[in-house]
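Chain and residue survey
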Amino acid sequence: MNARESEAAPEPVEYGGAVYGSLLAASVVAGSAAGTPSTAADLVALLISTGVVFWIAHVYVRLVEQGLHPMTWRRIRAAGRVEWPVAQAAFPPAAAAAIAWALGLSDAVATWVALGVAVASQVAWAVAAAVTAGSDRTGIMASAVINLVLGLIVILLKTFVAGH
């Protein structure tokens, strides 16, 4: 496919990026258990900024994979649209932390709420990816279970790190 053809055919949104982004968000929240960030407001900022930075990195990688020349705004926008779920996945746990903070809940509770939302989002995106890919029920369930296990591993790591 040449550059002109890649510009003409919009790429579908890839749910895999949202699964990855949700796992990234869960990892950011788990990392916050070590004391950074120290508040729910800091966690919100860290989640959103990490999601955006990783989105930019994914856009760049997609452009490099396609060949950087000719570089057009149309190609950049198309790559940004395809990779947007990487950043988008940070918003639900960030919103959950912000709501918990606004309700006056402790920073620790806000962190756990954000982590729960990140893992639930990861499982939901994985199911959406499996359905979109045409997987049968077994494949859809396997995708959900695998992503739930990954999320539980992140939770276990958070618990371990917070306890030490």
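Residues numbered from 1 in each chain as written. Predicted model: local features only at pLDDT ≥ 70, side-chain atom pairs only at ≥ 80, totals over all residues. Heavy atoms only, no water.

**Here we look at the overall build of the protein chain**
The helix and strand inventory of the protein chain stands at seven helices and zero strands. Ordering the α and β elements of the protein chain from the N terminus gives α-α-α-α-α-α-α. Across the 164 residues of the protein chain, 34% fall into the buried class. Across the protein chain, every contact between residues at least 6 apart in sequence was considered, and the portion connecting residues at least 24 apart equals 73%. Accessible surface, the protein chain: about 9,000 Å² in total, of which carbon and sulfur atoms supply 71%. (Helix = DSSP H or I, 4+ residues; strand = E, 2+ residues; numbered from the N terminus. Buried < 20%, exposed > 50% of the residue type's maximum accessible area, 1.4 Å probe, protein only. Contact = heavy atoms within 4.5 Å. Areas by Shrake-Rupley, 256 points an atom, 1.4 Å probe, with all protein chains shown as cover.)

**What about the packing of aromatic side chains?**
Applying the stated rule across the entire model yields two aromatic pairs. Measuring from centroid to centroid gives 5.1 Å for Trp55 and Trp84, while their planes differ by 85°, and the two rings are edge-to-face. Here Trp84 lies in helix H4 (residues 73-88) and Trp55 lies in helix H3 (residues 40-66), a separation of 29 residues in the sequence. In this structure Trp84 comes out as partly exposed when scored by relative accessible area, which is 32%. Within the aromatic cluster, the residues linked to one another by ring pairs are Trp55, Trp84 and Phe91. (Phe/Tyr/Trp six-rings, centres within 6.5 Å; stacked < 30°, edge-to-face > 60°.)

**Observations regarding the nonpolar core**
In terms of nonpolar packing, the biggest core is built from 16 residues, with Ala26, Val29, Leu43, Leu47 and Leu115 touching the most fellow members. Contributing elements (two or more residues each) for this core: helix H2 (15-31), H3, helix H5 (91-102) and helix H6 (107-132). The leading source of residues in this core is H2, at six residues. (Core = buried A, V, L, I, M, F, W, Y, C linked by side-chain atoms within 4.5 Å.)

**Topic: the pattern of salt bridges**
One pass over the full model with this rule turns up one salt bridge. The salt bridge involving Arg62 is made with Glu83; its shortest N-O contact spans 2.7 Å. You can see Arg62 sitting in helix H3 and its partner Glu83 sitting in helix H4, a full 21 residues away along the chain. Both residues of the pair, Arg62 and Glu83, belong to the buried class. (Salt bridge = Lys/Arg side-chain N within 4 Å of Asp/Glu carboxyl O.)

**Brief notes about the confidence of the model for the protein chain**
On average, residues of the protein chain carry a pLDDT of 84, and 86% of them reach 70 or more. The secondary-structure element of the protein chain with the lowest mean pLDDT is helix H1 (residues 3-8), recorded at 46, while H5 shows the highest, at 96. The low-confidence segment residues 1-8 (pLDDT under 50) makes six contacts with residues lying over four places distant or belonging to another chain. (pLDDT = per-residue confidence, 0-100.)

**Side note on the packing of H2 against H6**
Following both chains from N to C, one finds H2 and H6 inclined at 165°, their axes separated by 8 Å at the closest point. Regarding the angle of H2 to H6, the classification is roughly antiparallel. The interaxial crossing formed by H2 with H6 has left-handed handedness. Contacts from Tyr15, Ala18, Val19, Ser22, Leu23, Ala25, Ala26 and Val29 in H2 reach Thr111, Ala114, Leu115, Ala118, Val119, Ser121, Gln122, Trp125, Ala126, Ala128, Ala129 and Thr132 in H6. (Axes fitted to C-alpha atoms, helices over the stretch in contact; angles between N-to-C directions. Parallel < 35°, antiparallel > 145°, perpendicular 65-115°, else oblique. Left-handed = near helix turned anticlockwise from the far one by under 90°.)

**Points about the side chain of Ser143**
Within the fold, Ser143 resides in helix H7 (residues 137-162). According to the relative accessible area criterion, Ser143 is buried, its value standing at 17%. Among residues more than four places away in sequence, those in contact with Ser143 are Ala126, Val127 and Ala130.

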